[in-house]
Amino acid sequence: MPKLTIDGKEIEVEAGTNLIEAARRLGIEVPHYCYHPGLSIAGQCRLCMVDIEKAPRPTIACNTQATDGMVVHTQTDRVKETRRSMMEFHLINHPLDCPVCDQAGECWLQIYYMKHGLYDPRMTDEKVHKPKAVPLGSHVMLDAERCILCSRCVRFCDEITGTGELGIFNRGDHSEIGLFPGQDLENNYSGNVVDICPVGALTDRDFRFQVRVWYLDSTKSVCPGCARGCNIDVHVNRKRPHHAGGRRVARLKPRFNAAVNAWWICDVGRYGFDAVDDVTRVALPQRRADGQLADIDWSEALAAVADALRRLTPDEIAILASAQQSNEDLFAIKRLCEQRGIRQVAFRSPAAPATADDDFLLRADRNPNTRGAELIGLDGDAAGVLSAARAGRIKLLWVFEHDLLGAGWPADTAQALERVETLVWSGANHNATTARAHHVLPLAAWVERDGTFTNFLGRVQRFRATVEPLGEALAGWDVVGRVLTAQGVPATGTRAEHWFRELTKSVVAFAGLTYQAIGDGGAMVSGAAATTAPLPPGRRAGAKATA
Amino acid sequence: MAERVLMRNFERPNCHTLAVYREHGGYAAWDKARQIEPAALVEEVKHSNLRGLGGAGFPTGAKWSFIPKSHTGPVYLVVNADEGEPGTFKDRYLLEKDPHALIEGMLIAARAIRAALGFVYVRGEYVQPWRRFSAAVQEAYEAGLLGAGFDIVVHRGAGAYICGEETGLISSLEGKKGWPKVKPPFPAIKGAFAQPTIVNNVETLACVPPIISRGAAWFAGLGTKTQGGTRMYSVSGRVKKPAVYETSVSITLRQLIELAGGVSHSGRLKAVVPGGGSAPILTADEIDVVMDVDGLKAAGSMIGSAGVIVLDESASIPEALMVLARFYAHESCGQCTPCRESTGWIYKMVHRLVDGHGRKDDLDTIIDVAKRGAGTTICAFYDGAVGPYISYIQKFRSEFEALCRS
Amino acid sequence: MTFSPDQLAEVRRLQRLYPDRRGALLPVLHMAQETFGHISLEAEAYVAGLFELSAAHVHEVVTFYTLFFQQPKGRHVVAVCRNLSCHLAGAPEILAHVKARLGIDPGETTEDGRITFQSVECLCACEAAPMAQVDDRYEVNLTPEKVDRILEALR
C-alpha cells in the first residue's frame with residue numbers, strides 16, 4: 001500500500017487511489033468539477049491541479065494515482081494561482097443567472113469562486129449564448145449556457161444507466177450538452193444527473209423555483225419506495241412554509257452507501273414523496289356515526305378500539321399489517337397478537353404485484369419492509385383472512401395502510417368488508433377503504449417518525465423523523481402500544497428505539513442490533529451476508545452506450 | 001545540403017507507382033530490414049538521430065522503444081497523415097508523389113515495434129492524396145508486400161485540426177470525436193483500441209527506408225549534432241518561390257528564405273513564422289537560427305512541422321494574429337475548460353482590436369490569460385495557440401497599440 | 001432511408017477491419033453522406049443502429065467534424081481557405097469575390113441548389129495560395145478571373 005505525504009501529512013492508501021481521494025482522507029479538499037468517484041476519469045475541468053514534487057508543472061489530482069514516497073502540495077502559491085485561473089476560465093461565458101437559478105446556495109461555481117477565485121472579472125465581450133430552460137424529459141431541466149461541460153451527466157448515462165441519451169455536440173466554445181434531437185431523458189435514474197451537475201445547468205423540474213436551498217434542513221433517512229431501501233437525505237422546508245406550495249418535504253437526495261445504492265436513487269423513489277403532504281393525509285382520529293366519518297380525539301378512539309378487542313374472542317379478530325410499516329410498528333402488532341392470542345394476521349396482498357424489478361436498483365416489491373414483516377412472523381394468509389371475513393367469522397378487522405379495494409386485492413374484497421362488524425383502518429393517507437371504515441386512526445408518515453426497515457437482503461436501516469406529524473397522527477407502534485396499555489399491558493416505551501430494543505430480544509434475527517450499531521449505513525440481520533451495491537447496467541459487459 | 005533523400009523520386013513520371021518505385025531501389029530497405037532483429041532496427045533509428053517531423057520533434061527511436069517488452073497482445077502503428085498545421089504541405093507531396101516510401105517505412109517500423117496492423121489517418125480534405133495512397137496500398141497487397149504479416153487500413157478523417165494531435169487522432173480512429181486523451185497513460189502503453197500504439201508522422205516514416213539502406217551514421221551525419229537527416233521545409237507567404245524545399249536540418253532560416261527566392265511584395269522582411277502556425281514568431285533580426293529542433297527551441301520558438309510563413313513589411317501582424325486566433329477558436333475541440341473558453345474569448349478581443357475597438361488593457365489581458373492557460377490543458381493545442389498570442393503581441397506591440405483607441 | 005444490401009455488406013466489412021467495430025463509424029458516415037447527400041437526423045439514427053450506439057453519440061460525431069453536412073448541401077461545395085498564407089496572398093478578396101458572384105455568404109447555399117460556399121481553415125496548399133477546395137479537388141493560385149471560370153463550370 002503506497003505511503004505518501006500531502007501538505008506535510010503522511011497517509012497510507014490502497015494501490016490505485018487517486019490524489020483527490022487520498023487528500024480527502026486527510027480532510028484536505030482538492031476542488032474539482034468533472035471528477036466523481038462513481039464515474040470514469042475525464043480530466044476535463046483542470047481545476048484539481050496540485051503540485052507534486054519532481055513534476056515540473058501542476059498536475060491534475062484525479063488522474064494521478066498515489067505512489068510510494070510521493071510528496072504532494074495542495075496549498076502552494078502556484079496551485080492557488082492555478083485555481084484562480086481555472087475559475088476565471090470557467091466563468092468566461094457563464095451567465096449571471098444566480099438570482100433566478102435554483103442552484104444558488106449549492107453551486108460549485110459560487111462556492112469555489114468565493115474560496116479560490118475572488119478576482120476582478122475582465123471579460124467585457126459578448127458571451128456565447130446557448131439554449132436555456134430546455135426540458136429533458138419529465139424530471140430534468142437543461143440550461144446549456146450555465147453548463148461547464150464537465151461531462152458528468154454524459155458519463156452517468158453511459159456508465160451507470162447504460163442508456164447513452166446525453167452527448168456533447170459541436171466543438172470549441174459552442175460545445176453543448178444535449179439529447180439526440182427528438183429524444184427524451186426518460187430512464188428511471190434521470191434525477192441523478194441533477195445531483196451530479198455541479199452547477200445549475202441540470203436542475204430538477206419538480207423542485208424548480210420552489211424554495212431556496214438555504215432554507216432547507218437535511219435529515220438522513222431511507223427511501224420507503226421499494227425493498228432496496230436506498231439511503232437518502234430528506235430536505236425539508238421548515239423556515240419558509242409559504243414557499244414550495246406549503247410542501248414540507250422539498251426534495252429527496254441520495255446518500256452514499258456502498259452496500260446498498262452507491263451514490264444513486266431511482267426516479268420512482270426520488271419523486272415518490274408526494275403522499276406526505278397530500279390533501280389525502282389523515283390528520284385526526286375518526287369514527288363512523290350515522291354513515292359519516294366524524295373527527296374524535298385519541299382517548300375516545302383508543303378506548304373504542306381497546307373495548308372492541310376486549311369483547312371479542314381471538315378468532316373473531318384479524319389483522320392485516322403492511323410491509324410499508326417499520327420493524328417497530330410490526331413488532332408492536334406482533335406483541336398485540338401474542339397478548340390477545342390473535343392468530344389471523346398477515347401482511348402480503350394476495351395478488352402478485354403488477355410491478356417488476358428494473359435492471360438496477362428498483363425492486364418489484366414496492367414495500368420497504370417485507371423482509372422485516374417476514375422475520376417478525378406476520379406472514380400469515382391474507383386470502384384466508386378475507387374468506388373468513390366473507391363467511392362472517394371476522395368481527396373486527398384491523399387494517400394497516402392497505403387499500404383493500406385497490407390493486408393487489410381480489411375483486412370481492414368489498415363484500416368481505418361488508419360482513420366485518422368493526423373495520424379499523426390505520427394509515428397515513430385516506431383511500432377507498434377508509435371510506436368504509438368504522439374507525440380511522442391517523443398514522444405518522446415515514447418522515448414524521450423514527451424507525452427501521454429491513455431491506456430485501458436483510459439490511460436493517462434507520463429512517464428518521466424530520467418534521468412533526470400532521471395533525472394528531474401517531475407512529476404505528478405508538479397507537480398499538482397505547483391499545484396494549486389500555487388492556488393492562490405495561491408500556492414498552494415512548495420512543496421507537498424502545499420498541500426496537502424489545503424486538504431484538506424477541507426475534508433471533510435481530511439479536512444484538514442497536515440503533516447505534518445500525519448507525520447511518522445499516523447492519524445485517526443474523527444469517528444474512530454483507531452486501532455491496534449492484535453493478536450499474538452501464539458497467540456490465542456488452543453495455544451498448546459507452547462513449 | 002543539396003542531397004535529396006525524401007524528394008528523390010518526385011520528378012520521375014509515375015513516381016507513385018510500385019513499378020517505378022521498385023525500379024529505383026524501392027523496397028530494398030524492407031528486404032534488408034527483414035533480416036534485422038526488431039530491437040536492432042530500433043537501435044539503428046535511435047542512432048540516426050531521427051526526430052519526429054510532425055510537430056513535437058521527439059526522438060523517433062526512443063518513441064519506438066516505449067512499447068512495453070512484456071506486452072503479448074496487439075501493437076498498432078498509426079500514421080498521422082492529418083496534416084493541418086497552417087503553412088505546412090509536405091506530407092501532401094509525399095502521399096501523392098511517393099506513397100510507397102511511406103508504405104516501406106511502415107513495414108520497417110511495424111517490424112521494429114512488432115505491429116501486425118497499421119492505420120493511416122488521412123485528413124478528410126486530402127481526397128486526391130487519399131486516392132493515390134490507397135491505390136499504392138492496393139498495389140502493395142497485390143505484390144504480396146502487405147497481407148503477409150502486416151496489414152494497412154486507410155482511414156479518412158472528416159475535418160478537424162485536432163485530429164492531428166496523436167491522441168485526438170486515436171480517438172477519431174476509434175470512431176469518436178477527436179478528443180485528445182488524458183495522459184497518462186501514453187499511447188505506447190495504452191493507445192488505439194486500448195493497445196500499445198506508436199503514432200508517427202508521414203515524413204518521419206519516409207525517412208526510415210533510407211536510414212536502413214544507407215545506415216544511421218550516414219543519416220545522422222546529414223544533419224546537426226542533435227538531429228539527423230534532411231527534412232522538407234514548406235515555405236509560403238511573402239516569398240518569391242513558395243514551395244517545399246528539402247535540405248539538411250542544419251540550414252538557417254536566412255538561407256532557407258534565400259532558397260525560396262527571397263522576400264516578395266515590399267521585398268523587406270518583417271517577420272517569419274518558422275514552424276507552422278503554432279510557432280512563436282521571429283523578427284527579421286532572428287533569422288540566423290538553425291532550423292533544427294534544438295536550434296529553434298533555443299531561439300524561443302519551435303520547428304514544429306517546419307511550415308515557414310514569411311511576412312514582409314506590408315503584412316499586418318494584428319491581422320495575422322486575428323487569422324490565427326480565429327483558427328484556434330474554430331479548431332478547439334472543447335474538451336477542457338481553459339482552451340475551450342479562452343480561445344473564443346481571445347479571438348473576440350483580437351477581432352475587436354483589428355476593427356479598431358480595442359483597448360491597451362486587452363493586450364495585457366490576452367497575454368495574461370494565455371500565460372495562465374499554458375501548460376494546464378489536456379493536450380498541447382492550447383500551447384500552440386499561446387505561441388502566437390504572446391509572441392505576436394510582445395514582439396510587435398507598437399503595431400497593436402496603434403490600433404487601440406485607449 | 002437505408003443502405004442497399006451491397007452497402008450493408010461493405011459496412012460489415014469495414015467494421016471487421018477495426019479491432020473495435022466502432023472504428024468504422026467515420027468511413028460509414030462518409031458513405032451515408034455520399035449516398036444520401038447529407039447526414040440527417042434520420043440517417044444518424046440509422047447508422048447508430050448499425051453500430052449499436054446511442055443516437056446521441058453518433059450526433060456528437062456528426063456535429064464535431066466540419067466535412068459532415070447536417071443540412072442538404074449544394075451540388076457543389078466551394079470551400080475557400082482563410083488561414084494565414086492564403087490571407088497574405090489575398091484570400092479576403094477571393095472570398096469577397098465569390099460572395100459577390102454567388103450572392104451568398106460563407107455557410108450558405110445558392111437558391112438553385114448549385115453551390116454551397118464555405119470559408120475554411122488551412123487546407124495545406126499554402127505554396128499555391130490563395131486556394132480553395134472545390135468538391136474533391138484543390139483549385140490553386142486563384143485570381144478573380146480563375147474563380148469566375150471555376151464557378152462557371154460548376155453545373
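Definitions and limits used
Throughout, a residue's number is its position along its own chain's written sequence, starting from 1. The order in which chains are written sets their letters, starting at A; the order in which ligands are written sets their numbers, starting at 1. Two thresholds apply to this predicted model, a pLDDT of at least 70 for residue-level local features and 80 or more for giving and counting side-chain atom pairs, whereas whole-chain, interface and lining totals are computed over all residues. Side-chain measures here rest on the full set of heavy atoms in the structure, leaving out hydrogens and waters. What makes two residues a contact is simply this: any of their non-hydrogen atoms within 4.5 Å. The term buried area refers to how much accessible surface (probe radius 1.4 Å) is lost by two components on association, counted for both of them together. Any carboxyl oxygen of Asp or Glu within 4 Å of a side-chain nitrogen of Lys or Arg constitutes a salt bridge here. A helix here means a DSSP run of H or I that spans at least four residues, while a strand means a run of E at least two residues long, and both kinds are numbered starting from the N terminus. For this classification, the nonpolar set comprises Ala, Val, Leu, Ile, Met, Phe, Trp, Tyr, Cys and Pro, the charged set comprises Asp, Glu, Lys and Arg, and every other residue, Gly included, is treated as polar. Categorising residues by exposure relies on relative accessible area from a 1.4 Å probe, with only protein chains included: less than 20% of the type maximum marks a residue as buried, more than 50% marks it as exposed, and the intermediate range marks it as partly exposed. Segment limits for the domains were obtained from an automatic or database-derived domain assignment. The definition of a polar contact used here is a pair of N or O atoms within 3.5 Å, where within protein one atom must be able to donate a hydrogen and the other to accept one, and adjacent residues in sequence count solely through side-chain atom pairs. Throughout this description, the term nonpolar core refers to a set of buried Ala, Val, Leu, Ile, Met, Phe, Trp, Tyr and Cys residues connected via side-chain atoms within 4.5 Å.

The next subject is the interface of chain A and chain B. On the side of chain B, 36 residues touch chain A, which itself brings 33 residues to the contact. When the two sides are added together, the surface that chain A and chain B hide from each other amounts to roughly 2800 Å², 48% of it contributed by carbon and sulfur. A per-residue breakdown of the area chain A buries against chain B is headed by F89(A), R122(A) and R171(A), which together make up 26% of the total. Applying the counting rule to chain A against chain B returns 4 salt bridges. Residue D125(A) is joined to R352(B) by a salt bridge in which the shortest nitrogen-to-oxygen separation is 2.7 Å. For the side of chain A that touches chain B, the element with the most residues is helix α2 (residues 77-91) of chain A, which contributes 7 residues. Counted by class, the side of chain A that touches chain B contains 13 nonpolar, 9 polar and 11 charged residues.

Residues and elements named next belong to chain A. Position of V249 among the secondary structure elements: in strand β13 (residues 249-254). Along the sequence, V249 and A533 sit 284 residues apart, while their C-alpha atoms lie 27 Å from each other. Look past the residues within four positions of V249 in its chain and what remains in contact with it is V234, H235, V236, F273, V276, D277 and V447.

A few words now on the pattern of salt bridges. By the definition in use, this model includes 78 salt bridges over all chains. Among the salt bridges present, the one from D91(B) reaches K90(B), with a minimum N-O distance of 2.9 Å. For D91(B), a relative accessible area of 2% gives the class buried. Among the salt bridges present, the one from R13(C) reaches E10(C), with a minimum N-O distance of 2.9 Å. Within this pair, R13(C) and its partner E10(C) are both found in helix α1 (residues 5-17), separated by 3 residues, close to a single helical turn. The exposure class of R13(C) is partly exposed, given its relative accessible area of 39%.

Bring the parts together and some accessible area is lost; that lost area is often taken as the interface size. All names here are of chain B. If you check the domain split of chain B, you get domain 1 (18-222), domain 2 (230-312) and domain 3 (317-401). Summarising the inter-unit geometry, the C-alpha centres of domain 1 and domain 3 are found 33 Å apart. The partner domain 3 presents 9 residues to the 13 residues of domain 1 that form the contact. Roughly 900 Å² of surface becomes buried between domain 1 and domain 3 when both sides are summed, with 72% attributable to carbon and sulfur atoms. Contact with domain 3 buries surface across domain 1, with Y161, I162 and W179 losing the most and accounting together for 53% of the total. At the surface where domain 1 touches domain 3, the tally comes to 0 salt bridges. There are 3 residue pairs in polar contact (both at pLDDT 80 or more) connecting domain 1 and domain 3.

Next up on the list: the nonpolar core. Of all hydrophobic cores here, the largest spans 163 residues; its most connected members are Y389(B), Y392(B) and Y65(C). Examining the composition of this core, we find that 10 residues originate from one element, helix α14 (residues 317-331) of chain B, more than from any other. Among all residues touching Y392(B), those that are not within four sequence positions of it are V273(B), I281(B), I317(B), A320(B), L321(B), L324(B), R397(B), F400(B) and L84(C). If you look at the next biggest cluster of nonpolar residues, it comprises 74 residues, including V5(B), F10(B), L94(B) and A115(B).

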